[in-house]
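# Examining the three-dimensional arrangement
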Amino acid sequence: TGLDGAYGRILAIGFAIEHMDPFCIIDANEKNVISEFYRILNNAVQVEHERGFAAQQVTFVGHNIVGFDLRFLWQRSVVNGITPPAYIPFSAKAWDKTVFDTMTQWNPDREKRTSLDKLCKILGVKSPKGDIDGSKVAQAWADGRGEEIAAYCCGDVRATRSIYQRLTFAGKPALLKAA
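Cut-offs used in this document
- Chains are numbered independently. Their residues run from 1 in the order of the written sequence.
- Given that the model is predicted, a residue must reach a pLDDT of at least 70 before its local features are reported, and side-chain atom pairs must reach 80 or more before they are shown or counted; all residues, however, enter totals for whole chains, interfaces and linings.
- The basis for every side-chain value is the complete set of heavy atoms in the structure, and neither hydrogens nor water enter the calculation.
- Each helix is a run of DSSP H or I of at least 4 residues and each strand a run of E of at least 2, with the numbering of both proceeding from the N terminus.
- Residue exposure (1.4 Å probe, protein chains only): buried if accessible area is under 20% of the type maximum, exposed if over 50%, otherwise partly exposed.
- Think of a polar contact as two N or O atoms within 3.5 Å of one another; within protein, one of them needs to be a possible hydrogen donor and the other a possible acceptor, and neighboring residues in sequence only count if both atoms come from side chains.
- We call two residues in contact when some of their heavy atoms are within 4.5 Å.
- For our purposes a nonpolar core is just a set of buried Ala, Val, Leu, Ile, Met, Phe, Trp, Tyr and Cys residues, chained together by side-chain atoms within 4.5 Å.
- Strand pairing is assigned whenever DSSP identifies at least 2 bridges connecting the two strands.
- A pair is scored as a salt bridge if a Lys or Arg side-chain nitrogen falls within 4 Å of a carboxyl oxygen belonging to Asp or Glu.
- Ring pairs are drawn from Phe, Tyr and Trp, using the six-membered ring of Trp, whenever the two centres fall within 6.5 Å, and their geometry is named by plane angle: stacked under 30 degrees, edge-to-face over 60, tilted for the rest.
- A ring is scored as having a charge over it whenever the NZ atom of a lysine or the CZ atom of an arginine sits within 6 Å of its centre and within 35 degrees of its normal.

## As for unusual backbone geometry
- In the Ramachandran plot, Glu-18 falls in the positive-phi region, its phi being about 55° despite a non-glycine side chain.
- Looking at the element boundaries, Glu-18 is found in the loop between strand S1 (12–16) and strand S2 (23–26).
- Taking relative accessible area as the criterion, Glu-18 reaches 37% and is therefore assigned partly exposed.
- Phi at Asn-64 is positive, roughly 65°, even though this residue is not glycine.
- As for its position among the elements, Asn-64 is in the loop between strand S5 (60–62) and helix H2 (65–79).

## A short note on the side chain of Thr-59
- Within the fold, Thr-59 resides in the loop between strand S4 (53–54) and S5.
- By relative accessible area, Thr-59 is classed as buried at 18%.
- Here Lys-97 takes part through its backbone oxygen, which lies 3.4 Å from a polar atom of the side chain of Thr-59.

## Considering the environment of Ala-12
- By the element assignment, Ala-12 lies in strand S1.
- For Ala-12, a relative accessible area of 10% puts it in the buried group.
- Distance from Ala-12 to Phe-37, taken between C-alpha atoms, is 9.7 Å for residues 25 residues apart in sequence.
- Beyond its immediate stretch of four places on either side in the chain, Ala-12 contacts Cys-24, Ile-25, Ile-26, Val-33, Ile-149 and Cys-153.

## Details of the nonpolar core
- Residues Phe-37, Tyr-38, Phe-60, Leu-73 and Ile-88 are the most contacted members of the largest nonpolar core, which totals 24 residues.
- Among the secondary structure elements, those contributing two or more residues to this core are S1, helix H1 (30–44) and H2.
- Residue contributions to this core peak at 6 residues, all from H1.
- Core analysis: the second largest hydrophobic core is formed by 11 residues, Ile-132, Ala-140, Ile-149 and Ala-150 among them.

## Observations concerning the pairing of S2
- Relative to S2, S1 runs antiparallel, the two sharing 4 bridges. Along S2, the bridge assignment pairs Phe-15 with Phe-23.
- Between S1 and S2, which pair antiparallel in sequence order, lie 6 residues; one of them, Glu-18, sits at a positive phi of approximately 55°.

## Some thoughts on the pattern of salt bridges
- Throughout the structure, instances matching the rule amount to 5 salt bridges.
- A salt bridge links Glu-36 to Arg-39; the shortest N-O distance between them is 2.7 Å. Taken together, the residues span about one helical turn, with Glu-36 and Arg-39 both in helix H1 at a distance of 3 residues.
- Owing to a relative accessible area of 44%, Arg-39 belongs among the partly exposed residues under this scheme.

## Notes on the packing of aromatic side chains
- Under the criterion given, the structure shown has 5 aromatic pairs.
- An angle of 55° between the planes, with centres 4.5 Å apart, marks the rings of Phe-15 and Phe-23 as tilted.
- A relative accessible area of 0% means that Phe-15 is categorised as buried.
- Measuring from ring centre to ring centre gives 4.8 Å for Phe-15 and Phe-37, while their planes differ by 80°; the resulting arrangement is edge-to-face. Placement of Phe-15 in strand S1 and of Phe-37 in helix H1 is noted, with a sequence separation of 22 residues between them.
- A network of ring pairs unites the aromatic residues Phe-15, Phe-23, Phe-37 and Tyr-38 as a single cluster.
- A cation over a ring is seen here: Arg-71 above Trp-74, with NZ or CZ 4.7 Å from the ring centre.

Here it is, written out as structure tokens:
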């Protein structure tokens, strides 16, 4: 049930803004994690506060961000009664300018999707996958390995940023997120 927005929960969110180093919000209280993430985003993005829309173009970058991360974050926000910022493109399509999904940019064919680990290997980017991956986070948390989870999340962000830069031939990262 960990991948089901109705029953799974968010323990950690790793992300980076612009050229900043990645960091991770991690807490046993999911509502705190999500609320802090939105607070940090709102401080980083110029928001027209009356309606909650971004005053500037914001691009969210991630691996499978369209197919999983954004929808899961929206579902968990609803479950926790948290109103998300209006500028987060929860219903984005892979071709929208508000997102850059490294998985679908590499290959949009649903039958030929590529994992972050595999794409790292293909492009010569250091893979963040080690002792912890998404399927092992719950057990790692139960074992008291919060710092390792945070490091894993930040590693995902670094790898995704590197892949984004390779795929766009750019040196400037956009707003990045990895869960």
